[in-house]
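Chain by chain, the residues run as shown.
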Amino acid sequence: MSFNAWLRVDTQTILTIHNHVITKNHRIGVSHSDHRTWHIHIKEVRESDKGWYMCQINTDPMKSQLGFLDIVVPPDILDYPTSTDMNVREGNNVSLRCAASGSPAPNITWRKEGSDLIRLERSQQGLYQ
């Protein structure tokens, strides 16, 4: 009789073997349909769950299938180090900074209120001078 296993490839962690969850991660579960279709379940998915997973059947030779789990994280502007309100004397220079997180990485665009977009070089997208 062959057994099924689920592994996390990047950490080489065995998550499940047959009907049993091996990892101490309480968010991981396993189920099957007639011992032919095996499912791994991850509750409350986190960005750290992103990566390659492998389903293995311990036949001779062993058979496996890889799958990549990508996690989408909505964009968010980070309070620090994003610039806040500034008062600058006319004729002086000022640098404004916008920092954002998310996956995929968000594109930052600059716009003066009531105006068109401000064009920047790629290396300056988070910094306006």
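What comes next concerns the included structure. Here the structure is a predicted model, which means the values were calculated and not measured.

## Focus on the packing of aromatic side chains
Inspection of the entire model under this criterion finds one aromatic pair. For the pair W52 and F68, a centre-to-centre distance of 5.1 Å together with 65° between the ring planes defines the contact as edge-to-face. Of this pair, W52 sits in strand β6 (residues 51-57) while F68 sits in strand β7 (residues 63-69), and the two are 16 residues apart along the sequence. For W52, a relative accessible area of 43% corresponds to the partly exposed category. Take F68: its relative accessible area is 41%, and that puts it in the partly exposed class.

## Here's the deal with the nonpolar core
The biggest cluster of nonpolar side chains holds seven residues, and these are W6, L15, I28, V30, W38, Y53 and C55. Mapped onto this core, the elements with two or more residues apiece are β4 (28-33) and β6. Beyond its immediate chain neighbours, meaning those up to four positions away, Y53 contacts L7, R8, V9, L15, I42, Q65, L66, G67 and L69.

## Quick look at the environment of L69
Looking at where L69 falls in the secondary structure, it is placed in strand β7. For the pair L69 and I22, spaced 47 residues apart in the sequence, the C-alpha separation amounts to 20 Å. Ignoring any residue separated from it by four or fewer positions in sequence, one finds L69 in contact with I42, D49, K50, G51 and Y53.

## A word on the pairing of strand β5 (residues 37-42)
The pairing of β4 with β5 spans six bridges and is antiparallel. Bridge pairing in β5 places I28 opposite I42. A loop of three residues connects β4 with β5, the two strands running antiparallel in sequence, and D34 in this loop sits at a positive phi of about 55°.

Parameters and conventions
- Residues numbered from 1 in each chain as written.
- Predicted model: local features only at pLDDT ≥ 70, side-chain atom pairs only at ≥ 80, totals over all residues.
- Heavy atoms only, no water.
- Phe/Tyr/Trp six-rings, centres within 6.5 Å; stacked < 30°, edge-to-face > 60°.
- Helix = DSSP H or I, 4+ residues; strand = E, 2+ residues; numbered from the N terminus.
- Buried < 20%, exposed > 50% of the residue type's maximum accessible area, 1.4 Å probe, protein only.
- Core = buried A, V, L, I, M, F, W, Y, C linked by side-chain atoms within 4.5 Å.
- Contact = heavy atoms within 4.5 Å.
- Pairing = 2+ DSSP bridges.

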